[in-house]
Each structure stands twice: as C-alpha cells, then as structure tokens.
Amino acid sequence: MIGRGFDAPFELMMQRGTFDTVLTRPLGGFFQVLASEFQLRRLGRTFQALAVLAFAFSQLPIAWTPAKLLLIPLTIISGTTIYLGLFVMGSTLCFWTIKTPEVINAFTFGGNTMTSYPLSIYNRWIRTVFLFIIPVAFVNYPTALVLLGRSDPLGLPPWLAWIAPLVAAIFFATARGVWQLGVSKYTSSGS
C-alpha cells in the first residue's frame, strides 16, 4: 500500500527523465517518490491479512501477556519497514542502470516465500543473509517463536524478536543512505 512509488513508477520516471521534475520541487525527492503511488485499494488486503492473523491467534494456544501483545504491532511495523527498505534499495539501482534489476524480486517475492517456512530449515549461510544482511526473517520468525513459546532448533535467542524494530530501522536507514548516494550521482537525461 505504501512505498510502491519506488517500484515500477520510479523506473518509468528514470526512463522518461521525469525525475528531474521531482528534484525541482521544494519537498525532498525521497518523500515525493514514496507518496507518488499510494494505493488505497490495497487497504482491503491489509484488512484481509489482519482478519487471517486474528483467526490464527484465536486457534493457537498462546499465553497472552502485555509484552506479547506489544510485540505484534512492533513486528508488523518492522516488517513493513524492512520491505520498504528493499523497494528503496531496488529503485536506487535505477540511478546506475535505468531499470530495476530482477534480482530485487529474489528478495521481495523470494522473501515472502522464505518467510512461509521456519527459518530453521535453511542452511546457516541463508539464515545469516536473511537475518543480518537482508533481514526479511525478522518479518515473522523470531516473533512466532516468542508467541508460541518455542525455541529455535539451531539456537537463535528469543530476544531477537525484540530487536526487530532496531534491525528494521538500521536496514531502512542504510537503504535511505544508499538512496541519497544515488541521488547525488544522478545526472539528468537531458529531456
């Protein structure tokens, strides 16, 4: 619903040379691109996902505490921030390639598929990449372990669920920094 301006619309801006117009406006280019493709129609998907989440919670034997209740919105916000960071990183590559490389889809769509399974089924290097380099594992895995009262078979500590907001903030700040670098290297298409 948010951040779609960093996907295909930004690629078109770069190809058509209309990013120049964005840079001449008083509001920063980052926020203009962020708001350029706000898709209110996706609100239905959000409500559907929340309904499925509520149903799942009603079927699971979770011992609810205030801490666990707090962990849910923190995880949702962190996951959204991580995926937004991925979109920003992908669009930043357009400054050098004029087209978003398909490799970004390996992390966005591939990340969706990866988070459908327990992280413990993957090799150590894949776990490391998706926890500490492209941190999509923080979208659900550590929180699921905490909510269900389970431990990770390979020894991930339960406190990882609580650092998801920090990991998301660091990843997003890194993506934002890479974006700024891309903007600083941008040269107009001349149109």
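Notes on the structure in this doc start here. (Residues numbered from 1 in each chain as written. Predicted model: local features only at pLDDT ≥ 70, side-chain atom pairs only at ≥ 80, totals over all residues. Heavy atoms only, no water.)

Considering the environment of Gln59
Item 1. Relative to the helices and strands, Gln59 is located in helix α4 (residues 43-59).
Item 2. Separated by 36 residues in sequence, Gln59 and Leu23 have C-alpha atoms that sit 50 Å apart.
Item 3. A polar contact of 3.3 Å, which involves the side chain of Gln59, links it to the side chain of Ser58. (Helix = DSSP H or I, 4+ residues; strand = E, 2+ residues; numbered from the N terminus. Polar contact = N/O pair within 3.5 Å; in protein donor to acceptor, adjacent residues only side chain to side chain.)

Describing the packing of aromatic side chains
Item 1. This structure, assessed with the given rule, holds 15 aromatic pairs.
Item 2. Seen in terms of ring centroids, Phe6 and Trp179 are 5.3 Å apart; in terms of plane orientation they differ by 90 degrees. Their pairing is edge-to-face. Of this pair, Phe6 sits in the segment before α1 (8-16) while Trp179 sits in helix α10 (residues 164-185), placing them 173 residues apart in sequence.
Item 3. Note on Phe6: relative accessible area 1%, which makes it buried.
Item 4. Between the aromatic rings of Phe10 and Phe95, the centroid separation amounts to 5.5 Å while the plane-to-plane angle is 70 degrees, which identifies the pairing as edge-to-face. In this pair, Phe10 sits in helix α1 while Phe95 sits in helix α6 (residues 94-97), placing the two residues 85 residues apart along the sequence. For the pair Phe10 and Phe95, one class covers both residues: buried. (Phe/Tyr/Trp six-rings, centres within 6.5 Å; stacked < 30°, edge-to-face > 60°. Buried < 20%, exposed > 50% of the residue type's maximum accessible area, 1.4 Å probe, protein only.)

Comments concerning the layout of surface pockets
Item 1. The calculated volume of the largest pocket comes to roughly 1,900 Å³.
Item 2. Every residue lining the largest pocket is counted, 42 residues in all, and those nearest its centre are Ala49, Ile76, Thr80, Asn112 and Val139.
Item 3. Secondary structure elements with two or more residues in the lining of the largest pocket: α4, α5 (66-92), α7 (103-114) and α9 (141-148).
Item 4. Classifying every residue of the lining of the largest pocket by side-chain character gives 26 nonpolar, 11 polar and 5 charged. (1 Å grid on protein atoms, 1.4 Å probe; cavity = no way out; pocket = protein on both sides within 12 Å on 5 of 7 lines; lining within 4 Å. Points joined across faces, edges and corners; volume = space filled by probe spheres on them. Nonpolar A, V, L, I, M, F, W, Y, C, P; charged D, E, K, R; others polar.)

Focus: the environment of Gly28
Item 1. Along the chain, the position of Gly28 falls in the loop between α2 (19-24) and α3 (29-35).
Item 2. On the basis of relative accessibility, which here comes to 35%, the residue Gly28 falls in the partly exposed class.
Item 3. Spatially, the C-alpha atom of Gly28 lies 27 Å from that of Val103, the residues being 75 residues apart in sequence.

Quick look at the nonpolar core
A general feature of soluble globular proteins is that nonpolar side chains tend to end up buried together.
Item 1. With 21 residues, the main nonpolar core has Met114, Leu119, Val136 and Phe138 as its most contacted residues.
Item 2. The set of elements that each furnish at least two residues to this core consists of α5, α8 (124-133), α9 and α10.
Item 3. Sort the elements by how many residues they give to this core and α10 lands first, with 4 residues.
Item 4. Dropping the residues within four chain positions of it, Met114 is found in contact with Leu119, Tyr122, Phe130, Val136 and Ala137. (Core = buried A, V, L, I, M, F, W, Y, C linked by side-chain atoms within 4.5 Å. Contact = heavy atoms within 4.5 Å.)

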